[in-house]
Amino acid sequence: MSTYATSTASLFSRLAASAGLAALIATAAGAATVQSDAPVAAAKDELRICASNVEAPFSNKESTGFEDKIAVALAQAMGRKPVFVRNDKPGIYLVRDQLDKNSCDVVMGVDAGDERVLTSKPYYRTSYVLVTKADRNITASDWQDQQIKDQTRFAVRFYSPAETMLKRIGRFEDNAAYMYSLVNFVSRRNQWTQVPGDRLVTEVAGGEADVAIAFAPEVARYVKGSATPLRMTVISTDIDRPNDKPIPMHYDQSIGVRKTDAALISEINAALDKAKPQIEQILTDEGIPLLDPNT
């Protein structure tokens, strides 16, 4: 549970951040949007943002995703007009089908050090989480804890560390049919098939799943807005792998640009410092747990 300072200075700081966020949302509503996969000419006073129409809660066609809001704050701090260059493909295709084809210039929310792009300094750090009903009092933060192992049904996203966790605790085979029911048994062979974050949360809230395992930004909005009280617990333990590096549970999130755009990344890094209060307010309002660097 968050603890809020009550000093006068803290109060004015929060009021200023809220006022800034309100202005930012108004700007987002008026941001330009282009629907395109092809190269789009960029003006010097614009920031062309690679974006998906179908990647809620990160990004959507109404520009109300939390990464959309952060992109607007970034553009404002850079003194540029935000221009969302959108398509109807999932976010995993933004680099290949938009950034690399020069239809846009920045991709929000990539892992720091992503080898496909040149990345900015991190603007937040967060984690994978366990989502459970609050009244069940499941407080374990270690996915290998007996309290987790004793659960029966798990809601997870495909291609994620959560699948590996289920295999390690011996729950993958038991949950296979249930997992595919979450996507109406659509095959994931040779196509991108994914469980929406809101579906993971409603499965837990409705009692269909005992635990959901997800990256916090995928589900935080829905946990916060759930009519059924839910608990979201930061996972504390990485996944060890023999003869290989562990799979981490905590990640720094950065902005990606083409590897040739070193000048742009320098400008972005400077703007991130300027926009930090607005960005932190957006993330806090979203309900995303924020971790200290190097945790």
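Let us look at the structure shown here. (Residues numbered from 1 in each chain as written. Predicted model: local features only at pLDDT ≥ 70, side-chain atom pairs only at ≥ 80, totals over all residues. Heavy atoms only, no water.)

## Description of the overall build of the protein chain
1) Next: Each helix and strand counted, the protein chain has 9 helices and 14 strands in total.
2) Next: In the protein chain, which comprises 295 residues, the proportion classed as buried is 47%.
3) Next: Pairs at least 24 apart in sequence give 74% of the contacts found in the protein chain among residues at least 6 apart.
4) Next: Carbon and sulfur atoms make up 50% of the accessible area of the protein chain, which amounts to about 14300 Å² in all. (Helix = DSSP H or I, 4+ residues; strand = E, 2+ residues; numbered from the N terminus. Buried < 20%, exposed > 50% of the residue type's maximum accessible area, 1.4 Å probe, protein only. Contact = heavy atoms within 4.5 Å. Areas by Shrake-Rupley, 256 points an atom, 1.4 Å probe, with all protein chains shown as cover.)

## A closer look at the nonpolar core
1) Next: One finds V131, F154, L166, I213, V219 and I235 to be the most contacted residues of the largest nonpolar core, which totals 42 residues.
2) Next: Among the secondary structure elements, those contributing two or more residues to this core are strand 8 (124-133), strand 9 (154-156), helix 5 (161-168), helix 6 (172-181), helix 7 (197-205), strand 10 (211-215) and helix 8 (216-224).
3) Next: In terms of residues, this core owes the most to one element, strand 10, which gives 5 residues.
4) Next: In this structure, A51, A71, I268 and I279 belong to the second largest nonpolar core, which totals 31 residues. (Core = buried A, V, L, I, M, F, W, Y, C linked by side-chain atoms within 4.5 Å.)

## A few points about unusual backbone geometry
Leave glycine aside and you will find that most residues have negative phi; peptide bonds, for their part, are mostly trans.
1) Next: A cis amide bond links A56 to the next residue, P57, at an omega of 5°.
2) Next: Mapped onto the elements, P57 comes out in the loop between strand 3 (54-55) and strand 4 (59-60).
3) Next: Backbone geometry at N102 places phi at a positive 65°, although glycine is not the residue there.
4) Next: Examined against the element boundaries, N102 turns out to sit in the loop between helix 3 (94-99) and strand 6 (106-111).
5) Next: Overall, N102 belongs to the partly exposed group, its relative accessible area being 36%.
6) Next: Positioned with a positive phi, F185 is a non-glycine residue whose angle comes to about 60°.

## Observations regarding the pairing of strand 10
Successive residues of a regular strand alternate their side chains across the two faces of the sheet.
1) Next: Extensive coverage of strand 10 is indicated by the burial of 5 of its 5 residues.
2) Next: Side chains of strand 10 alternate between two faces, with V211, I213 and F215 and A212 and A214 buried alike.
3) Next: Pairing analysis gives 4 bridges linking strand 8 to strand 10, with the strands arranged antiparallel. Within strand 10, the position partnered with L130 by the bridge is I213.
4) Next: Where strand 9 and strand 10 come together, 3 bridges link them in parallel fashion. (Pairing = 2+ DSSP bridges.)

## Focus on the state of the cysteines
1) Next: Within this structure, the stated rule accounts for 1 disulfide.
2) Next: Bridging C50 to C104, the disulfide has an S-S length of 2.0 Å. Its S-S torsion of about 105° marks the bond between C50 and C104 as right-handed, since a negative value means left-handed. With C50 in strand 2 (residues 46-52) and C104 in the loop between helix 3 and strand 6, this pair connects stretches of sequence that are 54 residues apart. (Disulfide = S-S within 2.5 Å.)

## Some thoughts on helix 8
1) Next: In terms of residue burial, helix 8 counts as a mostly covered element, since 7 of its 9 residues are buried.
2) Next: Taken together, the buried positions of helix 8 are occupied by A216, P217, E218, V219, A220, Y222 and V223.

## Points about a nonpolar patch on the surface
1) Next: The grouping of I92, Y159 and W192 at the surface amounts to a nonpolar patch, some 270 Å² of accessible area in total.
2) Next: Counting through the fold element by element, Y159 comes out in the loop between strand 9 and helix 5.
3) Next: We classify Y159 as partly exposed; its relative accessible area is 40%. (Patch = residues over 30% accessible without salt bridge, like charges linked within 9 Å, V, L, I, M, F, W, Y side chains within 5 Å. Salt bridge = Lys/Arg side-chain N within 4 Å of Asp/Glu carboxyl O.)

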